[in-house]
Each structure stands twice: as C-alpha cells, then as structure tokens.
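Summary of the model geometry
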Amino acid sequence: MKKLLYLLVLALTVSVAQAQIRISGKVTDALTGEALPFVSIYIKNTSIGTSTDINGAFNIKLTTVPDSLTASYVGYQPKAMAVKKGVAVQELNFALGTSAKQLQEVVIRPGENPAWRIMRQVVAHKSANDKRKLTAYQYEAYTKMQFDVDNLGQKKGKGVLGAAITSLVDSQLYVAGEGGKKMLPFFMSESLSDYYYNREPRKYKEIIKASKVTGIGLQDGSLVSQVIGSSYQDYNFYQNWVSVLQKDFISPIADGWKAYYTYDLEDSLYVGDDWCYQLKIAQKRPQDLAFNGTIWVTADAYALRKIDVTVSKSANINFVEGIHLTQELQPVGAGAWLPSKTSAHIKIVGLTKSRPGILANVSTSYREVVVNQPQRAAFFDKPLELLASAQGKQEAFWEQHRHDSLSVADQQVYTTIDAIRATPRVAHFTNLVTVLGTGYKKFGKVSWGPWPYTYAFNNVEGHRLQLGGKTNFDFSDKWELSGYAAYGTQDQKTKYAARARYILSRKRWSEVGVSHSEDLQQVGLMSDKLQNSPFFMGFSRFGTLRHPISIKASSAYLQRDVWRGVTQRLSVSNRHFDPQYNFAYVAQQGEQPTLAKSFTTTELSFMTRVANNEVFVHNENERISLGNGNWPVFEMKYTVGLNNALGATLNYQRLDLGVDQEFPMGRLGNTVYHLEAGKIFSPVPYPLLEVHTGNETPFYYDATFNLMNYFEFASDTYASLHYEQYFEGLLFNRLPLIKKLKWRVLASSNILYGHLSEENRALLSPVGLNGTPQDSFKSLGNTPYVEVGYGVENIFRFLRVDAFHRLTYRDEPGAKKFGVKVSVQFKL
C-alpha cells in the first residue's frame, strides 16, 4: 500500500509540474529588430500552438514538454528553438530572417494578381455598401473600456507616482497580462447609448442612457461619462481616410488603394453566413499611416464583412507602439452595411523604455438597428447628451442590458481598481494631478486658484503676489462666484477682481454674468483674443512691462446658444484707462487742442459665433468644446462706444470678423489657418486701436507675429492670415537615417494688411503731458507685413523648433530679419 501511495503521489506531482510549464517570449525581425505580430508559434506535427500579439509577444502553457517550438510567418524563414527539460517557466525569443526566394516565387504569377480584380469590384461597390448612403440610421451601442499600466517592475519608484505604483505592485494589487507581465488596471467603464444619424443635413446625436465609471485619479465621473460613448469608435473604412487617435490613416479600400497597399488572395471561406474572399493587405512604405492585416470581402456584394488590421510601430505616431483594430459588419437593409462589433487595442509607451506604458482596450457592440427613419432637425440640437439617470445604475440593470456578460477577469478589474483608489498614496497623487490639471485646489465648496498666477515679478509691481478662488459645483450648480486680490511690493498698490456668473439653462446653454476689476495691463496685450492663452499672458507679467496701463472696469453679459452651433453674446462694459507711462492724446480738435492722458469708454458689444456640428461636454459648471470636425468656425463682433454714457469720453464703432479651420489634406498632412479682419470707424486713442501682437519672447505662439516687436504696428483697418501646414512624416519619412527619429516638417506664414486713417494719426501727440517725446508706433503702408517659417516638430517627442524670415519692413529700426522660436508640445 505504501509503494502504491508513493507512486500515486509521484504521478500527481509530475502532472502538476506538467500543468505549470509556461513558455513566453517575443518574435522580431532579425534585420530591423521590429516586433512581428500574428506569428504562428507551434509544436511540429501537432495542432498545439498560439500566435504573437500586436507587440510580437506570446505566452503558451503546455502539459507536455516538447523538444522544440517553431515560429512561422509569411515572408520569413521558419525557425525552431529547443525547449529546456525540467524548467517550469522559460523564455524563448525568435529572430526571424526574411525568405527572399520564397517571396519571389509567391509574387510571380501568370497574368494579373487575382486580388486586384476583387479590389476593383470592392471600390466599384463602395457607394452601394457604405452606410453613408442611408438617409438615416440609429442603433443601441454598448461600449466597454479598460486601461492598464504595464511594464511594472520591482525596482523602487521615485517621487509621488513612482512610490505609489511601487507600493501597489508590492501589495500584489495587479493582474497578470500577456506574457505573465504585471499590469495595473486603473480605469474601467461601461456605457449604454442610443446613436442617431441623419444624412441631409448631416447631423448626429448620442444619448448616453447608462454609464458606469471607475478609475484611479477620478474624483467625479460625470465628465468622463460623456466621452465614453460609441461615437469615438466610429471607424468607417469606406472613407478614403480613417481617423484613429486624431491621425488620418489611408483605408485599405480607398479609391487609390493600389498606391498604398499590396494585396494577396489567401483563401475563400464562410464568415458567419457569408461566403467571403480573404485578402492579406500590407502597406508599401513602412512610415506611411496605413494598415497591415486581413480583410474579408463578400463574394456577392463585394462588401467589407470583416477587417482585422494593425498599425506598424514604424508609423510616425508618438507614444504609440501598437494599434490593433477589428470590426465586423452586417447588412441592415437598402444594401448598406453597418458595424456589429468594433474593438481597438492600443499600446501607449512611456517616455523611456523603463517607464510604465498604458494598454487601452475598447470594444463596442451594436443592436436594434433602424434605417431610413430620419429624426427632426431640432432633435439634434444637443449632439451629446448624458441623461440625469445615467449614473448610479444598479448591477441588476447592467446584467439585464449588457450586450455581453462580464467575464471573471472584468469583475476582478472593478474590485482591483476600487482597492487601489482607497490607498492613501494614490489618493494623494489624485489630488495633486487634479490641482496641476485644473489650476484649482478644492476646499469644500470653494476652490483656490488659478495657481499659475500666484506670483510674478516685473519692473513696475516688483514682487506681485496674488490670491484667488471660485465657488464650485458643491456650492451651486447655477451660481459661480470668483475673484482675486493681488499686491505689488514696488508700486504698493492692491489689484482685484470680482465676478458672478449664473447658468440660466444647460439644455440650450445660456448664462449671464457681471464683473468688476482694477488691475494693471499692457497696451497691445488687452485683446480678447489672448484670453485663452494663459501661458503667454502669464509670461508677459514677468520682466519689463511695456506701456503699462491701469484699467478699472465693470461689465455685464448675456450669452445663449440660439440653436446648435450658433452662439450669441450681448455685453456692456465701462472702462477707465489710466496709462502709467508717458502718454497723451489730442482730446479736442480746434484752434486750441487739449492734451489728455486718461479716458473712459462705455461699450455695447454683440457677438455671434457659428460652429457647425460642434460638440460640448460639461464639467461641473463649465462646458468644454470637443471641436466640430473639419468645419470652419465663424465669428463676428460689433462694438459701439457710447459717448457721455456712464462718464464715457469717446464715441466710436468697431467691427471684427474671424474664421478658423483645421482640415486634413491627405498625404500633405493637416492644414490650420486663422483669417481675421476688422475696422474701427471712428478716431480713438491708440490703446484702443488694433495694436498687432508681436512676440519678443524665445517661444513660439501661433496667435502672434513672431518677428514683430511689441507695439511696432497699429491699425484701424486690418486683415490677417495665420497659416500652418503640418506635413506629418511626408518628407522625413523618405530619408533613411532621419526617419528613425520620427521628426516632422512643418511650414507657416503670417500675412498682415493694415491701414491707419489720418484722423487717428492726428490724435497722437508727439509729446506727453510732461513735454517729453512719447513712444510712437508705425502703421503699415500698401505693402503687407509678411513672415514665413519652417520648422521641425517631434524632436525628442515633445520639442518644436521654428525658423522665421521677415520678408517685408526689414529696414525698420530694430526689425528682426530672422529668428528661431521653440515650443513644447505633446502630440501623437
């Protein structure tokens, strides 16, 4: 009996040991070192095997120990590697060499490539199969997102985040990912939404009716709940260009398909109930924004039935190491095909190889499709809507309405994230990130900030200390009270501002507000166009203030969305200008003109802004624009200065117009332009003219003329164009050495036409009130001010360097003919 028992224990021990044998590794190109996805890893003469993921990694568990494992991939020579006996966990890394002779034998065929005939039919049937042919469609979408931090090691982290992550890894609050790597889940969400689309006019709307969000660093999930719907998974491969991560990729079924891809007919088989051709696709140039993988095309309608593609690591995209997209489509009537399932797997790497990266997994399924039943135009007034009842749904609701039940691993992720959020270090880090990102630190119902304006130093104020704050959503979902107080140690003056805002309606956003302030500003930097440039305005507070002017202002406004994409704003303001430098203007024309230094204005302004298809999300009492696609944005503002009203001393009228647009230009990259024009119809002191914004800093800023000095030119009639062309990787991708750096070329130009009337010239006194000559400015003649630039971005993934040439007014005193500007940006 004892021998029998020993044999039984020995057999169980061997069985357990065999069950725990695990082999992991990576497959790369032997020449370039690039990871190879979807490589077959198998045991010869068996059906046991696996394949590599989008990062070239594999992980296989075996119950028996084979002599070797073999890696096989189309276009490469198969390679076998020996497996060690008696080692439960081991690593095998394959470096595959290309098989040139085999490839040559494959591509040499009699006659035409059969895949080309199929592709011509696919393109010919695109308009019949594209969902955009439908007059309308709608569906219910279920979207699940998960984000994990990978590349976590046992090395002790530094800093707040590093220490927090180290403590989490040490405490085993991680999950096992591919290849046995430690992964820390930090975000999980589910959403259930109804999506609607009308073709004419082109409108869409998504109603998020249920949302479940948990994540590290989230203090309130309401904002995130608005951006986790299905509209961000809308990959339409029938378009020539498919937008992924705000990058435009050429579709494998684009009109010019043969110029970008190679195609091979691999098989014919059933996909569901549809008999399909299976085509392998590969991009022709590694650095192009294109796909690699497989597409399945139906044999009868030549419709795209399924697509499974990846993006090469060699594509010129920052921080992204791999993208894997899959999509299945279904016929929905009227000949069109809509997605039934879509998934995206994206790996975002850290700044260095030792830094943690992020794995993003997003999947969406679609049900209850209805076509050709358009909604009324008023239905689309609010394109993104989060129902008040969307959050807080019980688990019983989700169990009933999920398109797919949660796996055990998904349930574990929710539990893990909740445990991580409760750790003190992570809670501290969350608060720190919130302060840095928003500029405000929350204390109950009041938030202190914005912190970037807490301190400045300049020649007028000396050390400027500022303390400010505002009420938050906990105080009221209607009222917002804000303000600040500042003190200068050199001028020993107190500056302040107080504001109140009331939200009248959130459905069709309407608000009213009042403010009163007294502070120091600079001539030429008082334009409303600079209010959204906190870094530029904050930097201008340091150093030497040019033409400082004390302004005491009171204002009130009413703003309302008239309908979707059209916003109007009516405002009134009273401002008293008191220049703090040698300044005078001719206040009265006649035999005995009078010089004056200060002046007062009372303005009534009306503004209209038109942004077709613009999408907003709400963050407590603020709303944030997510853009409006490639449509232009128009803005018109008309201002009337009312003399003798509330002590005003000036009477004038002003009109300003502006157009902004960003749009793709295919292989030429992206184009961004800003066109504006304006006219002041009455003579005014020059601080009220259009003093064109120069840039004497070493930093690049797109709203300025980068080689123009401060206060160099002023106009009462003007028109300008700021133009930028981002070539992405178009030029440098062709250079063998430079392309590995992933630098990108760009070009820009700034053109300004301006005119100053004789009436305005007559108001400028040659001397100030103290009798000494005062600083003057120049006006533009018939020749426009022109500067052109060229530059390189994506240096070290974040640095941009621009070189500018000034083409006109080069002989003016102090004119800069050439200059270099730098800027920091983080772009994919």
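Going through the model one piece at a time under the given rule, you end up with nine cavities of 30 Å³ or more. In terms of lining residues, the second largest cavity is bounded by 20 residues, among which Asp381, Pro383, Asp561, Phe616 and Arg623 are the most central. Among the elements of the structure, strand S29 (548-563), strand S30 (566-579) and strand S34 (616-619) are those that each provide at least two residues to the lining of the second largest cavity. When the residues that make up the lining of the second largest cavity are grouped by side-chain class, the tally is seven nonpolar, three polar and 10 charged.

Below, the discussion takes up helix H3 (residues 114-124). Residues separated by three or four positions in an α-helix point in the same direction, a consequence of the helix having 3.6 residues per turn. Of the residues making up H3, those classed as buried are Ala115, Ile118, Met119 and Val122. Down the axis of H3, the buried set is contained in an arc of 100°. They therefore lie on one face. Residues of H3 that are buried make contact with helix H4 (126-129), helix H7 (257-260), strand S14 (261-271), strand S15 (274-283) and strand S16 (292-298).

A regular strand carries its side chains on alternate faces of the sheet. Sheet topology places strand S43 (residues 785-795) next to strand S44 (residues 799-806); seven bridges connect them, and they run antiparallel. In the strand pairing of S44, Gly789 is matched with Phe804. Counting the residues that bridge the hairpin from S43 to S44 gives three residues, and of these Phe796 lies at a positive phi of roughly 55°.

So, on to the pairing of strand S27 (residues 494-505). Taken together, the nine bridges between strand S26 (residues 479-488) and S27 define a ladder with antiparallel strand orientation. By the bridge assignment for S27, Tyr487 is matched with Thr494. Hairpin remark: S26 followed by S27, antiparallel, with five residues in the connecting loop; positive phi at Gln492, about 55°. Where S27 and strand S28 (residues 510-522) come together, nine bridges link them in antiparallel fashion. Bridging across to S28, Ser505 finds its partner in Ser510. Hairpin connection between S27 and S28: a loop of four residues separates the two successive antiparallel strands.

Now for the sheet that holds strand S7 (residues 89-96). Spatial strand order, S4-S1-S7: three strands in an open sheet with mixed pairing. Each of the sheet's edge strands pairs with one partner strand only, and the pair in question is strand S4 (57-62) and S7. In this sheet, neighbouring strand axes are inclined to one another by 20° on average, regardless of whether the strands run parallel or antiparallel. Bridge analysis of strand S1 (residues 21-29) against S7 gives eight bridges, and the strand direction is parallel.

Another point: the sheet that holds strand S5 (residues 68-72). Read from one edge of the open sheet, four strands run S3-S2-S5-S6, paired in antiparallel fashion. In this open sheet, the two strands that pair with only one neighbour each are strand S3 (49-51) and strand S6 (79-82). Across the sheet, the mean angle separating the axes of adjacent strands is 20° when strand polarity is ignored. Alignment of strand S2 (residues 40-42) against S5, held across three bridges, turns out to be antiparallel. Residue pairing in the sheet places Ile41 in a bridge with Ala71 of S5.

So, on to the packing of aromatic side chains. Enumeration over the complete set of coordinates arrives at 30 aromatic pairs. Where Tyr581 meets Phe583, the ring centres are 6.0 Å apart and the plane angle is 55°; that geometry is what we call tilted. Exposure class is identical for Tyr581 and Phe583. Each is buried. Summarising the aromatic geometry, the rings of Tyr585 and Phe599 are spaced 5.8 Å apart at their centres and angled 85° between planes, so their arrangement reads as edge-to-face. With Tyr585 in strand S31 (residues 585-588) and Phe599 in strand S33 (residues 599-611), this residue pair connects regions lying 14 residues apart in the sequence. Feature note: the residues Phe577, Tyr581, Phe583, Tyr585, Phe599, Tyr686 and Phe711 constitute an aromatic cluster, connected by ring pairs. We note Arg564 situated over the ring of Tyr204; from NZ or CZ to the ring centre the distance is 5.5 Å.

What follows is about the nonpolar core. Core analysis: the biggest nonpolar cluster contains 40 residues, and Phe291, Ile295, Ile323 and Leu325 have the highest contact counts within it. Contact partners of Ile295, with chain neighbours within four places excluded, come to Met119, Pro252, Ile253, Tyr277, Gln278, Leu279, Ile281, Leu304, Lys306 and Ile307. Core analysis: the next-biggest nonpolar cluster, separate from the first, contains 23 residues, Phe583, Leu689, Leu756 and Phe777 among them.

Looking now at the confidence of the model for the protein. Looking at the protein as a whole, its pLDDT mean stands at 82, while 82% of the residues score no less than 70. Ranking the elements of the protein by mean pLDDT puts helix H1 (residues 2-19) last, at 34, and strand S36 (residues 633-641) first, at 96. Overall, residues 1-19 carries pLDDT values under 50, and its contacts beyond four positions in sequence, including any with other chains, amount to three contacts. In this model, residues 154-161 is a region of pLDDT below 50 whose contacts with residues beyond four sequence positions or in other chains number 12 contacts.

So, about the side chain of Glu787. With respect to the helices, strands and loops of the structure, Glu787 is situated in strand S43. No salt bridge is formed by the buried Glu787; the nearest opposite charge belongs to Arg806, separated by 6.7 Å. Polar side-chain contacts of Glu787 include one of 2.9 Å to the backbone nitrogen of Leu707. Excluding residues that lie within four positions of it along the chain, Glu787 makes contacts with Thr704, Phe705, Asn706, Leu707, Met708, Ser749, Asn750, His805 and Arg806.

As a further point, take the environment of Glu206. With respect to the helices, strands and loops of the structure, Glu206 is situated in strand S11 (residues 203-215). Linking Glu206 and Glu140, residues 66 residues apart in sequence, is a C-alpha distance of 9.6 Å. Of the polar contacts made by the side chain of Glu206, one reaches the side chain of Ser193; its length is 2.7 Å.

Here is what the cut-offs are and how they apply
Residues numbered from 1 in each chain as written. Predicted model: local features only at pLDDT ≥ 70, side-chain atom pairs only at ≥ 80, totals over all residues. Heavy atoms only, no water. 1 Å grid on protein atoms, 1.4 Å probe; cavity = no way out; pocket = protein on both sides within 12 Å on 5 of 7 lines; lining within 4 Å. Points joined across faces, edges and corners; volume = space filled by probe spheres on them. Helix = DSSP H or I, 4+ residues; strand = E, 2+ residues; numbered from the N terminus. Nonpolar A, V, L, I, M, F, W, Y, C, P; charged D, E, K, R; others polar. Buried < 20%, exposed > 50% of the residue type's maximum accessible area, 1.4 Å probe, protein only. Arc of directions from axis to C-beta. Contact = heavy atoms within 4.5 Å. Pairing = 2+ DSSP bridges. Axes fitted to C-alpha atoms, helices over the stretch in contact; angles between N-to-C directions. Phe/Tyr/Trp six-rings, centres within 6.5 Å; stacked < 30°, edge-to-face > 60°. Lys NZ or Arg CZ within 6 Å of the ring centre and 35° of its normal. Core = buried A, V, L, I, M, F, W, Y, C linked by side-chain atoms within 4.5 Å. pLDDT = per-residue confidence, 0-100. Lys, Arg positive; Asp, Glu negative; His and termini not counted. Salt bridge = Lys/Arg side-chain N within 4 Å of Asp/Glu carboxyl O. Polar contact = N/O pair within 3.5 Å; in protein donor to acceptor, adjacent residues only side chain to side chain.

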